[in-house]
Amino acid sequence: MKHIFLAVFLLLSLAAAPIKTPEPDQRLAVWPDRPLLDKSDDEVSYSNIIRITKVKRPAIEFYKSKNAKPNAPAVVIFPGGGYNVLAYDLEGTEIAEWLNSIGIHAVVVKYTVPGNQREEALKDAQRALGLVRSKAKDWGINPEQIGVLGFSAGGHLAANLSTNYQKRNYESIDDADKLSCRPDFTVLIYPAYIYQKEDKRQSAPEIKVNAQTPPAFIVQTLDDRRLVDSAFNYTRDLKDAKVDGELHLYAKGGHGYGMRPSDNPISGWPKLCGDWLKRTTGK
């Protein structure tokens, strides 16, 4: 019996222990009036996923690829979490490590949560893209090859930014806000909320795809039944606007798998996405 209690105690201790994540090469505050603290004020919960449950001071975290060629592309990552939490490692730092391994610089965005604060998150995203472009020379990034990658709610945010970049939704602060916040390409992995509540076969009103919308790579499974129309809608909108889009649809896999391996073919999406990124950026 002692051994059983000891095993249970160790399992609980491991479940509660912080998960190690890679340290970013640079960490910047998104908003100058909300500077980062020496000790993060993010509220975090642990299980097999790091969930940031409150972000009051949005940040961008830059991960430099050691395999990158000069003037390499970069991808800005928006983790998902229903606009209530951020799946920080599953849909953030683990993706940055993968991108770095294929020669692409990565930036993880801690955008405003919790609450259904889509407008605040879009402001964070617009500002983040401008900041990354303003740092392109210092960070070895090609300023004309900065894309976005989002999961679930982060996929909605990536699509929202990709179709709402013409004008900032806030008053300009500095030179970073004078630079374009249009992504050069878009990756959506099981995107959420790109539909109308009354008719899921119609795109959400804020998602306005047109001929200037960036090309997109989209991954979706049919058994993600509550959200599957998001991928269909965005793909159809790209088709109607004559914008390049690539949809990879699988039968099974559900939702929230990130790039962690499983027995489902959906686990092969990073290879397909990496090939698409190389074709799209020419790298």
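Residues numbered from 1 in each chain as written. Predicted model: local features only at pLDDT ≥ 70, side-chain atom pairs only at ≥ 80, totals over all residues. Heavy atoms only, no water.

1. Quick word on the sheet that holds strand S5 (residues 72-78)
Reasoning step 1: What the eight strands build is an open sheet, ordered S1-S4-S7-S5-S8-S9-S10-S11; its pairing is mixed. Looking at strand neighbours, the two that pair on one side only are strand S1 (26-29) and strand S11 (245-250), the edges of this open sheet. Here the strands of the sheet are splayed against their neighbours by 15 degrees on average, with no regard to which way each runs.
Reasoning step 2: When strand S10 (residues 216-221) meets S11, the two strands line up parallel, connected through six bridges. (Pairing = 2+ DSSP bridges. Helix = DSSP H or I, 4+ residues; strand = E, 2+ residues; numbered from the N terminus. Axes fitted to C-alpha atoms, helices over the stretch in contact; angles between N-to-C directions.)

2. Quick look at the packing of helix H3 (residues 118-134) against helix H5 (residues 153-163)
Reasoning step 1: Interaxial distance between H3 and H5 falls to 10 Å at its minimum, and their mutual angle equals 65 degrees. In terms of crossing hand, the pair formed by H3 and H5 is right-handed. Of H5, the residues touching H3 (which contributes Arg118, Ala121, Leu122, Ala125, Gln126 and Leu129) are His156, Leu157, Asn160 and Leu161.
Reasoning step 2: Of the residues contributing to the contact of H3 with H5, the split by class is six nonpolar, three polar and one charged. (Left-handed = near helix turned anticlockwise from the far one by under 90°. Contact = heavy atoms within 4.5 Å. Nonpolar A, V, L, I, M, F, W, Y, C, P; charged D, E, K, R; others polar.)

3. Looking at the sheet that holds strand S6 (residues 86-87)
Reasoning step 1: Reading across from one edge, S2-S3-S6 is the order of the three strands in this open sheet, with antiparallel pairing throughout. Strands at the two margins of the open sheet, each flanked by one partner only, are strand S2 (43-46) and S6.
Reasoning step 2: Relative to strand S3 (residues 50-54), S2 runs antiparallel, the two being bridged by four bridges. Residue pairing across strands places Glu43 opposite Lys54, the latter belonging to S3.

4. Thoughts on the packing of aromatic side chains
Reasoning step 1: Enumeration over the complete set of coordinates arrives at eleven aromatic pairs.
Reasoning step 2: Where Phe151 meets Tyr190, the ring centres are 5.6 Å apart and the plane angle is 55 degrees; that geometry is what we call tilted. Of this pair, Phe151 sits in strand S8 (residues 141-151) while Tyr190 sits in the loop between strand S9 (186-189) and S10; the two residues are 39 residues apart in sequence, bridging distant segments of the chain.
Reasoning step 3: The class of Tyr190 is buried, set by a relative accessible area of 0%.
Reasoning step 4: Between Phe185 and Trp276, the aromatic rings sit 6.3 Å apart at their centres with planes inclined by 75 degrees, giving edge-to-face as the arrangement. Here Phe185, found in the loop between H5 and S9, pairs with Trp276, found in helix H7 (residues 269-281); they are 91 residues apart in sequence, far enough to count as distant.
Reasoning step 5: On the accessibility criterion, Phe185 (2% relative accessible area) is buried.
Reasoning step 6: Looking at Trp276, the relative accessible area reads 6%, which means it is buried.
Reasoning step 7: Ring-pair connections join several aromatic residues into one group, and the members of that group are Trp98, Phe151, Tyr190, Tyr257 and Trp269. (Phe/Tyr/Trp six-rings, centres within 6.5 Å; stacked < 30°, edge-to-face > 60°. Buried < 20%, exposed > 50% of the residue type's maximum accessible area, 1.4 Å probe, protein only.)

5. Digging into H5
Reasoning step 1: Most of H5 sits out of view: eleven of its eleven residues are buried.
Reasoning step 2: If you check which residues of H5 are buried, you get Ala153, Gly154, Gly155, His156, Leu157, Ala158, Ala159, Asn160, Leu161, Ser162 and Thr163.

6. Regarding unusual backbone geometry
Reasoning step 1: Cis rather than trans, the peptide bond between Val113 and Pro114 has omega equal to 10 degrees.
Reasoning step 2: Its place among the elements puts Pro114 in the loop between strand S7 (105-110) and H3.
Reasoning step 3: Not every positive phi belongs to a glycine, and Asn71 is a case in point at roughly 60 degrees.
Reasoning step 4: One non-glycine residue, Tyr83, lies in positive phi territory at about 60 degrees.
Reasoning step 5: The class of Tyr83 is buried, set by a relative accessible area of 0%.

7. Let's talk about the confidence of the model for the chain
Reasoning step 1: For the chain, the average pLDDT comes to 92, and 93% of its residues sit at 70 or higher.
Reasoning step 2: Note on residues 1-16: pLDDT under 50 across the span, and three contacts to partners over four residues away in sequence or across chains. (pLDDT = per-residue confidence, 0-100.)

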